[in-house]
Amino acid sequence: MIGLISATAAGAAARDRLAAAWPDRTRVYEGPVGEAVRAAFAECEQVVCFLATGAVVRLVAPLLSDKATDPGVVCVDEGGRFAVSLVGGHGGGANELAREVGGLLGAEPVVTTATDSVGLPGLDTLGLPFEGAVASVSRALLDGEPVALEAELAWPLPALPTAPHGTYTIRLTDRAVAPGEHEVLLRPPSLVVGVGASRGAPVDEVLGLVEAALADAGLSARSVAELATVDAKAAEPGIVDAAARLGVPLVTYSAGELAEVAVPNPSDAPLAAVGTPSVAEAAALARGGELVVPKRKSRRADGQPAMATCAVVRRPGRGRLAVVGLGPGARDLLTPRARAELRRASVLVGLDQYVDQIRDLLRPGTRILESGLGAEEERARTAVAEARQGHAVALIGSGDAGVYAMASPALAEASDDIDVIGVPGVTAALAAGAILGAPLGHDHVSISLSDLHTPWEVIERRVRAAAEADLVVTFYNPRSRGRDWQLPKALAILAEHREPTTPVGVVRNASRPDESSRLSTLAALDPATVDMMTVVTVGNTATRDIAGRMVTPRGYRWQEGSQEEAK
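Basis of the calculations
- Residues numbered from 1 in each chain as written.
- Predicted model: local features only at pLDDT ≥ 70, side-chain atom pairs only at ≥ 80, totals over all residues.
- Heavy atoms only, no water.
- Helix = DSSP H or I, 4+ residues; strand = E, 2+ residues; numbered from the N terminus.
- Contact = heavy atoms within 4.5 Å.
- Areas by Shrake-Rupley, 256 points an atom, 1.4 Å probe, with all protein chains shown as cover.
- Lys, Arg positive; Asp, Glu negative; His and termini not counted.
- Charge placed at Lys NZ, Arg CZ, Asp CG, Glu CD.
- Phe/Tyr/Trp six-rings, centres within 6.5 Å; stacked < 30°, edge-to-face > 60°.
- Buried < 20%, exposed > 50% of the residue type's maximum accessible area, 1.4 Å probe, protein only.
- Salt bridge = Lys/Arg side-chain N within 4 Å of Asp/Glu carboxyl O.
- Pairing = 2+ DSSP bridges.
- Axes fitted to C-alpha atoms, helices over the stretch in contact; angles between N-to-C directions.
- Disulfide = S-S within 2.5 Å.
- Polar contact = N/O pair within 3.5 Å; in protein donor to acceptor, adjacent residues only side chain to side chain.
- Core = buried A, V, L, I, M, F, W, Y, C linked by side-chain atoms within 4.5 Å.

**Q** Give me the overall build of the protein chain: which residues, what numbers.
**A** Helices and strands together make up the secondary structure of the protein chain, namely 18 helices and 28 strands. Seen through its principal axes, the protein chain has C-alpha atoms that stretch 95 × 65 × 65 Å. The long-range fraction of contacts in the protein chain, counting pairs at least 24 apart against all pairs at least 6 apart in sequence, stands at 64%. Of the roughly 26900 Å² that the protein chain leaves accessible, carbon and sulfur atoms contribute 51%. Taken as two groups, the 54 positive and 69 negative side-chain charges of the protein chain have centres that lie 1 Å from each other.

**Q** Let's hear about the packing of aromatic side chains: which residues, and what values?
**A** Aromatic ring pairs are described here by two measures, namely the spacing of the ring centres and the angle between the planes. Evaluated as defined, the whole model comprises 2 aromatic pairs. Judged by centre distance (4.7 Å) and plane angle (50 degrees), the rings of Y404 and Y476 are tilted. Taken together, the residues Y404 in the loop between strand 19 (392-397) and helix 15 (407-413) and Y476 in strand 23 (residues 472-476) connect sequence positions 72 residues apart. For Y404, a relative accessible area of 44% translates into the label partly exposed.

**Q** Could you give an account of the environment of A259, naming the residues involved and the relevant values?
**A** Mapped onto the fold, A259 is located in helix 9 (residues 255-259). Sequence separation between A259 and G275 is 16 residues; the distance between their C-alpha atoms is 7.6 Å. Aside from chain neighbours lying at most four places away, what touches A259 is G275, T276 and P277.

**Q** Tell me about unusual backbone geometry, residues and numbers included.
**A** The backbone phi angle of Y404 is positive, close to 50 degrees, even though this residue is not glycine. Even without being glycine, A547 reaches a positive phi, approximately 55 degrees. Tracing the backbone through its elements, the reader meets A547 in the loop between strand 27 (544-546) and strand 28 (549-551). Overall, A547 belongs to the exposed group, its relative accessible area being 66%.

**Q** Explain the pattern of salt bridges residue by residue, including any values.
**A** Two side chains of opposite charge can pair, provided their charged atoms sit close to one another. Inspection of every chain in the model, using the stated rule, returns 27 salt bridges. The residue D16 makes a salt bridge to R15 at a minimum N-O spacing of 3.0 Å. For the salt bridge of R25 with E100, the shortest nitrogen-to-oxygen distance reads 3.1 Å. Here R25, found in the loop between helix 1 (9-21) and strand 2 (26-28), pairs with E100, found in helix 4 (residues 94-105); they are 75 residues apart in sequence, far enough to count as distant. By relative accessible area, R25 is classed as partly exposed at 31%. Owing to a relative accessible area of 30%, E100 belongs among the partly exposed residues under this scheme. In the salt-bridge network here, residues are joined through shared partners; they are E152, R171, R175 and E183.

**Q** Requested: an account of the environment of G88, with residues and values cited.
**A** Of note, G88 is situated in the loop between strand 5 (82-87) and helix 4. Considered as a pair, G88 and V536 are 448 residues apart in the sequence and their alpha carbons are 51 Å apart. In this structure G88 touches G72, G93 and A94, once residues within four positions along its chain are discounted.

**Q** Describe the sheet that holds strand 23, listing the residues and the values that go with them.
**A** An order of 22-23-26-24-25 is seen for the 5 strands of this open sheet, with the pairing classed as mixed. Each edge of the sheet is formed by a strand with only one pairing partner; in this case those strands are strand 22 (444-448) and strand 25 (516-521). When strand polarity is set aside, the average angle formed by the axes of neighbouring strands in this sheet is 20 degrees. Contacting strand 22, strand 23, strand 24 (503-508), strand 25 and strand 26 (534-538), helix 16 (residues 428-436) runs over the sheet at an angle of about 115 degrees to strand 24. Packed on one face of the sheet, helix 17 (residues 456-468) meets strand 22 and strand 23 and runs near 160 degrees to strand 22.

**Q** Give a detailed account of helix 6 (residues 134-142), specifying residues and quantitative values.
**A** For helix 6, the complete set of buried residues consists of V134, S136, V137, S138, A140 and L141. Downstream of helix 6 by a residue or two, G144 has a phi angle that is positive, lying close to 80 degrees.

**Q** Hey, could you go over the pairing of strand 15 (residues 308-314) for me, with residue numbers and the actual values?
**A** Across the 7 residues of strand 15, 6 count as buried, placing the element largely inside the fold. Bridging between strand 11 (residues 191-197) and strand 15 involves 7 bridges; their strand directions are antiparallel. The residue of strand 15 that forms the bridge with G194 is A311. The sheet contact formed by strand 14 (residues 290-297) and strand 15 spans 5 bridges and is antiparallel. Bridging from a neighbouring strand, R296 pairs with C310 of strand 15.

**Q** Can you explain the state of the cysteines? Please cite residues and give values.
**A** In total, this model carries 0 disulfides according to the counting rule given. With no disulfide of its own, C75 lies 5.5 Å from the sulfur of C49, the closest cysteine sulfur. Relative accessible area serves as the criterion here: at 1%, C75 is assigned to the buried category.

**Q** Which residues make up the side chain of S6, and what values do they have?
**A** If you trace the backbone, S6 turns up in strand 1 (residues 2-6). Note on S6: relative accessible area 12%, which makes it buried. Among the polar contacts listed, one links the side chain of S6 to the side chain of R15, at a separation of 3.1 Å. Not counting chain neighbours up to four residues away, the residues in contact with S6 comprise G11, A12, R15, V33, F50 and L51.

**Q** How would you summarise the nonpolar core if you had to cite specific residues and measurements?
**A** Counting residues in each nonpolar core, the largest one holds 24 residues, and the members touching the most others are V193, V195 and L227. Element by element, the count of residues in this core is highest for helix 7 (residues 203-216), at 7 residues. Setting aside residues no more than four positions away along its own chain, V195 makes contact with V206, V210, L227, A228, T229, I239, V279, A280, T309 and C310. Listed in part, the 21 residues of the second largest apolar core include I447, V463, L487 and L525.

**Q** Tell me about the sheet that holds strand 9 (residues 168-172), and name the residues and values.
**A** On the basis of which strands lie adjacent, the open sheet formed by 4 strands has the order 7-10-9-8 and mixed pairing. Edge positions in the sheet fall to strand 7 (130-132) and strand 8 (147-151), since each of these pairs with one other strand and no more. For this sheet, the mean inter-axis angle between neighbouring strands, taken without regard to orientation, is 15 degrees. In this structure, strand 7 lies alongside strand 10 (residues 183-186), joined through 3 bridges in antiparallel fashion. Across the sheet, residue F130 finds its bridge partner in strand 10, namely L186. Packing of helix 6 onto the sheet brings it into contact with strand 7, strand 8, strand 9 and strand 10, and relative to strand 9 it is tilted by some 115 degrees.

Purely geometric numbers; function is a separate question.
Pasting the structure below:
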């Protein structure tokens with residue numbers, strides 16, 4: 001919960017805007033400011049104060065205890081110009097909250113945390129449990145001192161400016177080791193513990209077995225991702241409470257699913273009880289991995305039969321491939337999600353001219369794999385191969401990566417052994433449409449006129465279908481030096497079904513500094529004025545030139561008593 005506190009009318013107005021935007025995330029604290037701050041600090045994970053920073057410093061100073069547990073505090077000035085991350089930038093999430101608040105209120109986020117200021121990911125913000133000398137290792141990264149990354153497991157981390165060797169070390173490990181003096185341990189969620197239990201098994205017996213199994217194998221409990229068991233035990237209190245104490249989810253599988261998992265130690269007892277020859281080992285291995293602790297039973301001090309079993313599996317890290325659409329070229333049309341994925345990646349793959357567009361947004365240490373025109377399939381294979389090695393990869397394309405871009409070849413190459421994230425972007429058709437007016441106001445289609453990968457016979461059939469269906473058509477890749485006859489042919493096909501006065505919009509380099517656009521007609525358009533950087537949009541029979549803008553009506557007739565509502 002985010003506590004909201006204000007002292008003036010202007011502050012209250014901004015506070016109320018935030019409360020209205022985030023009704024489920026915020027709580028407004030009224031009354032004397034000092035009392036409100038103390039209450040919010042005790043009851044909320046984060047606090048936004050619409051007060052001067054000096055006043056907030058004096059109010060929260062006596063309340064501070066530990067940066068790992070204190071709420072994050074953000075200050076917004078009286079004029080609503082700045083959202084200042086004051087306390088708990090990383091641990092309390094104040095840095096990200098300042099950015100969110102700034103985006104909502106139109107205020108400039110002010111973040112002074114050193115790593116954020118220079119584009120380095122904070123070691124305590126990677127989403128992994130951590131131990132050790134975070135401050136000194138972070139300072140070494142900031143000072144440019146050699147910091148070694150020792151990754152005992154492949155894991156998709158963001159870019160870090162590390163070196164092969166160094167006095168300082170970042171170690172990614174799930175082993176139960178203590179950090180050295182100049183070392184940070186990052187704990188990946190690589191371990192899955194399969195658990196079986198008799199009815200009524202005490203939580204202490206289940207949890208004690210799990211902890212002993214991990215300790216004997218030299219594994220850290222902080223790297224346990226989940227407890228897993230059979231559906232029949234989904235509500236067994238001892239298992240449920242053990243997962244809660246470990247702070248991990250409980251995942252369950254049907255007996256049929258577990259019966260199909262090959263295990264080294266099957267047993268007749270669980271087969272008779274729940275319908276599968278293995279619970280602990282099979283549940284741990286259900287999604288693959290290496291069995292590092294075979295099935296073992298609990299030991300009871302009273303000499304009674306064991307009531308719990310467990311097994312531990314180490315799953316390999318799954319690489320991450322983000323297919324990112326950069327939009328038509330203008331920086332303000334690059335989406336926040338695309339920016340975030342570029343910052344998250346440790347490897348960037350893309351066309352050289354697209355890499356140049358966003359090079360300044362990459363974190364220090366990002367490995368860049370760029371190539372020239374015509375190497376789309378090679379880039380897709382490279383990106384997937386890098387993800388399979390456990391890296392966090394961003395594969396970039398212009399517009400929307402799923403529209404005549406890199407998503408198709410990448411997903412054709414990828415299998416289910418990596419995580420794939422699609423990041424939408426503003427397409428050339430949409431950017432051109434916004435410049436022209438509203439040509440895509442009703443049903444429309446995009447067709448590429450490049451026959452390098454698609455036979456012309458197929459393209460022509462699609463153009464004819466669009467013409468006969470009276471669809472607005474946006475032509476991508478309309479004309480190049482080696483392909484100068486396809487656009488005239490496509491326009492002639494459309495002319496068989498549309499009037500010569502049908503509006504045609506031509507936009508070159510949409511959203512870029514040298515953008516140009518013009519409105520013509522089907523009869524008047526000169527294809528020689530079009531090139532590969534141009535998008536051509538041909539209206540349908542309803543499209544009109546209204547005050548110099550290309551408009552396709554939605555086609556609805558609003559009548560009194562209509563059951564439809566305008567959207």
